[in-house]
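Per-entry structural report
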There are 2 protein chains.
Amino acid sequence: MVGSRWTAGPARSAALRKRGPVLERAILDAALEQLSTVGWSGLTMEGVAAGAHTGKAAVYRRWPSKEDLVVDALQAGLPRMDGVPDCGSVREDLLALCRLVREAMFSRSGFALRAVLHECDQVTAERFHDVIFDGVIQPGVERVKEVIGRGIERGDVRSGALDSYVCDVIPAMLMYRTKVCGSEWGDEEFGELIDQVMMPLLSP
Amino acid sequence: MVGSRWTAGPARSAALRKRGPVLERAILDAALEQLSTVGWSGLTMEGVAAGAHTGKAAVYRRWPSKEDLVVDALQAGLPRMDGVPDCGSVREDLLALCRLVREAMFSRSGFALRAVLHECDQVTAERFHDVIFDGVIQPGVERVKEVIGRGIERGDVRSGALDSYVCDVIPAMLMYRTKVCGSEWGDEEFGELIDQVMMPLLSP
């Protein structure tokens with residue numbers, strides 16, 4: 001293959017060619033981009049490789065299948081839910097937590113996740129349900145426990161409130177009202193959920 | 001076709017041949033039976049017809065597709081949730097209600113429904129989700145409202161308790177803990193849910 005590309009200096013091709021973690025990041029981003037534009041059925045390993053300016057082999061080397069790649073891309077793209085800022089009261093903390101969950105579900109990953117769940121077969125869907133559980137629900141429950149624990153220390157939550165049923169109420173209601181009722185979650189709806197259901201369960 | 005069957009008296013064939021609602025009932029039962037034994041993929045209109053001792057045409061005349069037939073069979077097979085007996089207190093009424101929901105989900109229809117959801121494609125699954133919503137969830141929410149209303153009249157529930165978030169908590173928690181946590185629902189778990197979450201929300 002003769003042409004100007006072959007005579008380009010090493011500096012240019014080195015700058016274009018990514019490696020290691022930078023390449024992996026580019027591949028995962030490209031996968032998320034593909035999911036957002038052409039969806040699960042339209043996504044191909046070749047298309048993802050092209051989007052990451054790399055070869056198909058570099059993709060397959062790390063991700064043996066389309067499912068493996070998409071699971072990692074979705075996970076990597078979800079906002080981290082490492083901690084809820086201390087907002088001064090359990091009500092405000094819970095509100096902040098709800099907003100974090102909403103942010104995750106309305107992130108590019110969140111949208112892609114929901115779209116993918118509609119497109120793929122049931123066996124593959126299981127793996128994507130795991131992404132939701134590991135990436136959003138489980139961290140969400142952990143954050144609820146932290147917020148309630150903080151409230152107990154502060155004195156605005158009764159001491160027995162850290163039981164598993166109470167900690168499940170927020171994730172359960174968010175999931176139920178979203179999936180079954182098709183509800184949208186604005187700040188007003190979060191406030192109603194917290195005031196009508198959580199505060200009576202937590203107040204001393 | 002020559003043989004003893006053709007010479008059987010009209011009385012025998014009339015007794016075997018069902019009509020009208022009896023035939024429809026037999027077809028729906030046969031469909032549920034097929035679902036329980038060979039599942040969604042194994043179910044055929046021919047197999048259902050044979051199970052109902054009728055011809056394929058009789059099935060297709062009423063149900064143009066496999067999905068239509070299975071939706072009706074599942075719906076018809078779910079226990080009715082028309083009313084919760086008055087057990088004397090809101091706690092006991094809620095316990096009775098939870099048992100009704102469990103009965104529905106563990107009925108032959110309930111098992112078949114869950115199995116089918118795993119086997120079929122996403123578009124078909126939507127129709128079966130509707131069966132769960134129309135046949136179990138929606139009636140369940142109505143029964144929660146009745147039980148809470150009864151409790152308000154009795155005086156063991158605070159007057160403002162009939163708000164939609166509170167009424168959604170039981171279905172939300174049952175669904176969440178079943179789907180996400182894979183929990184089993186014994187009477188002890190129902191009791192914990194009611195005592196730890198519902199009673200604080202309902203008590204005057």
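Residues numbered from 1 in each chain as written. Chains lettered and ligands numbered in written order. Predicted model: local features only at pLDDT ≥ 70, side-chain atom pairs only at ≥ 80, totals over all residues. Heavy atoms only, no water.

Let's talk about the overall build of chain A
Of the regular secondary structure elements, chain A holds 11 helices and 0 strands. Sequence-ordered secondary structure for chain A, helices as α and strands as β, is α-α-α-α-α-α-α-α-α-α-α. Radius of gyration (C-alpha) of chain A: 22 Å, far over the 17 Å computed for a compact globule of 204 residues. For chain A, with 204 residues in total, the buried portion stands at 46%. Taking the intrachain contacts of chain A between residues at least 6 apart in sequence as the baseline, contacts between residues at least 24 apart amount to 66%. (Helix = DSSP H or I, 4+ residues; strand = E, 2+ residues; numbered from the N terminus. Rg over C-alpha atoms; globule rule 2.2 N^0.38 Å. Buried < 20%, exposed > 50% of the residue type's maximum accessible area, 1.4 Å probe, protein only. Contact = heavy atoms within 4.5 Å.)

Thoughts on the relation of the copies chain A and chain B
Related by rotation about an axis and a shift along that axis, the two copies of the chain form a pair. Note on the identical chains: chain A maps onto chain B by a rotation of 180° and an axial translation of 0.0 Å, with an RMSD of 0.0 Å. Accordingly, the operation relating the two chain copies is best matched by a two-fold axis. Closest approach to the rotation axis within chain A is made by the C-alpha atom of A:Ala172, at a distance of 2.7 Å. By residue overlap, the copies meet face to face through one surface: 100% of the interface positions of chain A are interface positions in chain B. (Least-squares fit on C-alpha atoms with pLDDT ≥ 70 in both.)

Concerning the packing of helix α7 (residues 90-105) of chain A against helix α9 (residues 122-154) of chain A
All names here are of chain A. Remark: α7 packs on α9, axes separated minimally by 10 Å, with the N-to-C direction vectors making an angle of 170°. Between α7 and α9, the interaxial angle falls into the category roughly antiparallel. The segment α7 lies against α9, with Val-90, Asp-93, Leu-94, Leu-97, Val-101, Ala-104 and Met-105 engaging Val-136, Gly-140, Arg-143, Val-144, Val-147, Arg-150 and Arg-154. Among the residues making up the contact of α7 with α9, the classes are represented as 9 nonpolar, 1 polar and 4 charged. (Axes fitted to C-alpha atoms, helices over the stretch in contact; angles between N-to-C directions. Parallel < 35°, antiparallel > 145°, perpendicular 65-115°, else oblique. Nonpolar A, V, L, I, M, F, W, Y, C, P; charged D, E, K, R; others polar.)

Topic: the interface of chain A and chain B
Listed by partner, the interface residues are 31 residues for chain A and 32 residues for chain B. Sorting the residues of chain A by area buried against chain B places A:Gln122, A:Tyr165 and A:Tyr176 first, and these three jointly supply 30% of that buried surface. Viewed at the interface, chain B and chain A are joined by 2 salt bridges. A salt bridge links A:Arg177 to B:Asp168, with the shortest nitrogen-to-oxygen separation between them at 2.9 Å. In this assembly, chain A and chain B are joined by 6 residue pairs in polar contact (both at pLDDT 80 or more). Looking at the side of chain A that touches chain B, the elements that each hand over two or more residues are α8 (108-119), α9, α10 (164-179) and α11 (187-202) of chain A. Take the side of chain A that touches chain B: its biggest share by element is 12 residues, from α10(A). Partitioned by chemical class, the residues of the side of chain A that touches chain B number 20 nonpolar, 4 polar and 7 charged. (Buried area = accessible area lost by both parts, 1.4 Å probe. Salt bridge = Lys/Arg side-chain N within 4 Å of Asp/Glu carboxyl O. Polar contact = N/O pair within 3.5 Å; in protein donor to acceptor, adjacent residues only side chain to side chain.)

Some points on the side chain of B:Arg150
Mapped onto the elements, B:Arg150 comes out in helix α9 (residues 122-154). Among residues more than four places away in sequence, those in contact with B:Arg150 are B:Val84, B:Pro85, B:Asp86, B:Cys87 and B:Asp93.

Some details on the packing of α10(A) against helix α10 (residues 164-179) of chain B
As a packed pair, α10(A) and α10(B) sit with axes 7 Å apart at the nearest point and diverge in direction by 100°. As summarised for this structure, α10(A) and α10(B) are arranged roughly perpendicular, according to the angle between their axes. Contacts from A:Ser164, A:Tyr165, A:Asp168, A:Val169, A:Pro171, A:Ala172, A:Met173, A:Met175, A:Tyr176, A:Arg177 and A:Lys179 of α10(A) reach α10(B) at B:Ser164, B:Tyr165, B:Asp168, B:Val169, B:Pro171, B:Ala172, B:Met173, B:Met175, B:Tyr176, B:Arg177 and B:Lys179.

Structural notes on the confidence of the model for chain A
All names here are of chain A. Confidence in the prediction for chain A averages 89 pLDDT; 92% of positions are at 70 or higher. Here helix α1 (residues 4-7) stands out as the least confident element of chain A, with mean pLDDT 43; helix α4 (residues 45-51) is the most confident, with 97. In the predicted structure, residues 1-12 sits below a pLDDT of 50 and forms 1 contact with residues beyond four places in sequence or in another chain. With pTM at 0.84, the complex prediction returns an ipTM value of 0.83. (pLDDT = per-residue confidence, 0-100.)

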